[in-house]
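# Examination of the molecular architecture
Chain by chain, the residues:
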Amino acid sequence: MSLPPFTAHNIRLDDGRRTIPDAPLLVEEWPGFHSLRRLLDLVFPASKENHRIADLGCLEGGYSVGFARMGFEAVGIEVRDANFQCCTYVKEHVSLPNLQFVQDNVLNFSRYGRFDTVFCCGLLYHLDQPKAFLEQVAKQTKKLLILDTHFSLESDRVKPHYVLSPMTSNESLKGRWYREFQDNASVDERQGLRWASFHNSQSFWLKREDLLGLMYELGFKTVFEQFDYHAPDITKVLTESYEYLLRGRFIGIR
């Protein structure tokens, strides 16, 4: 099997090759992954063995590989054929018996048991019922929930990079709607949209404050936003582009 087309995750394989040779950094060298490592070492300071971590909507498997190399029992869940082909290729070219990939819709997450940590990156903002999804996720999360996601703000002071609806309510929470694809898109067309939702044509971006409040209500009594996610230029990001890009990492700990 030849190397499939990777769109985002530059992963080091055991033979020394990289899945995106021209990329300047590996996934495990990204500042965002360094901040993840610090968080996971803080919550799980001892051996990571026998600790399960789920990577929801794992795309091409880069984070899952990084977690497995840290010692976690890592399970990456991905629905799209093209993305899962990348995951399969990676699995065949790294010696990590504690790494597993499954092809499934993350809405079926509960069938895979409970996890010490659930990592949800680039997924929540693609859903039209994020509250119902997080309710399911919370039931399966023993200790740590990590949400790397877009969100919405109440204020219209800064025009964001994305076309969002006016502030409204959905599932009793405030947020804004975003168009993912046309309602009449075929299954094949949706399979090809590797950076969009899979089944819903519109997604609901939760208001940041409502997202944090929901996490607390779901049992994560230590809730915060991890600002070193924006390193190394935290001040610049929060001052110049935070309200424009509307992206952050939100942490819940039981």
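The rules behind the values
Residues numbered from 1 in each chain as written. Predicted model: local features only at pLDDT ≥ 70, side-chain atom pairs only at ≥ 80, totals over all residues. Heavy atoms only, no water. Helix = DSSP H or I, 4+ residues; strand = E, 2+ residues; numbered from the N terminus. Buried < 20%, exposed > 50% of the residue type's maximum accessible area, 1.4 Å probe, protein only. Contact = heavy atoms within 4.5 Å. Pairing = 2+ DSSP bridges. Core = buried A, V, L, I, M, F, W, Y, C linked by side-chain atoms within 4.5 Å. Salt bridge = Lys/Arg side-chain N within 4 Å of Asp/Glu carboxyl O.

Looking now at the side chain of Thr-149. Along the chain, Thr-149 falls in strand 5 (residues 141-150). By relative accessible area, Thr-149 is classed as buried at 1%. If we ignore the near neighbours within four places in the chain, the residues touching Thr-149 are Leu-124, Tyr-125, Leu-211, Leu-246, Arg-247, Gly-248 and Phe-250.

In this section: unusual backbone geometry. In this structure, the amide linkage connecting Ala-231 to the following residue, Pro-232, adopts the cis form with an omega of 10°. Relative to the helices and strands, Pro-232 is located in the loop between strand 9 (222-225) and helix 7 (234-245). Of note, Ser-172 is a non-glycine position whose phi angle comes to about 70°, a positive value. Even without a glycine there, the phi angle at Leu-246 is positive, about 55°. Locating Leu-246 in the fold gives a position in the loop between helix 7 and strand 10 (247-253). For Leu-246, a relative accessible area of 4% corresponds to the buried category.

A few words now on the pairing of strand 8 (residues 202-206). Most of strand 8 is tucked away: four of the five residues are buried. Both strand 7 (residues 173-179) and strand 8 contribute to a ladder of five bridges, which runs antiparallel. When the bridges of strand 8 are listed, Gly-175 appears paired with Leu-206.

As a further point, take helix 2 (residues 62-70). Burial of helix 2 is extensive: eight of the nine residues sit out of reach of the surface. By the burial criterion, the buried members of helix 2 are Gly-62, Tyr-63, Ser-64, Val-65, Gly-66, Phe-67, Ala-68 and Met-70. Those residues of helix 2 hidden inside the fold are in contact with helix 1 (31-43), strand 1 (52-56), strand 2 (73-78), helix 3 (81-92), strand 3 (99-103) and strand 4 (115-121). Backbone geometry just after helix 2 places Gly-71 at a positive phi near 115°.

With that settled, consider the nonpolar core. Leu-40, Tyr-63, Phe-67, Leu-99, Leu-144 and Ile-146 are the most contacted members of the largest nonpolar core, which has 35 residues in total. Tyr-63 has contacts with His-9, Val-27, Trp-30, Phe-33, Leu-36, Asp-55, Phe-119 and Cys-121, leaving out every residue within four places of it along the chain. Listed in part, the 34 residues of the second largest apolar core include Ala-54, Val-75, Cys-120 and Ala-138.

This next bit is on helix 4 (residues 130-140). For helix 4, the set of buried residues is Pro-130, Phe-133, Leu-134, Gln-136, Val-137, Ala-138 and Gln-140. On its buried face, helix 4 is in contact with strand 1, strand 4, strand 5, strand 6 (168-170), strand 8 and helix 6 (208-217).

In this section: the pattern of salt bridges. Counted according to the given criterion, the structure contains 12 salt bridges. Close ionic contact of Arg-38 with Asp-228 constitutes a salt bridge, the shortest N to O distance being 2.8 Å. Highlighted residues: Arg-38 in helix 1 and Asp-228 in the loop between strand 9 and helix 7, separated in sequence by 190 residues. Judged by its relative accessible area of 46%, Arg-38 falls in the partly exposed class. Taking relative accessible area as the criterion, Asp-228 reaches 23% and is therefore assigned partly exposed. Connected via shared salt-bridge partners are Asp-148, Arg-247 and Arg-249.

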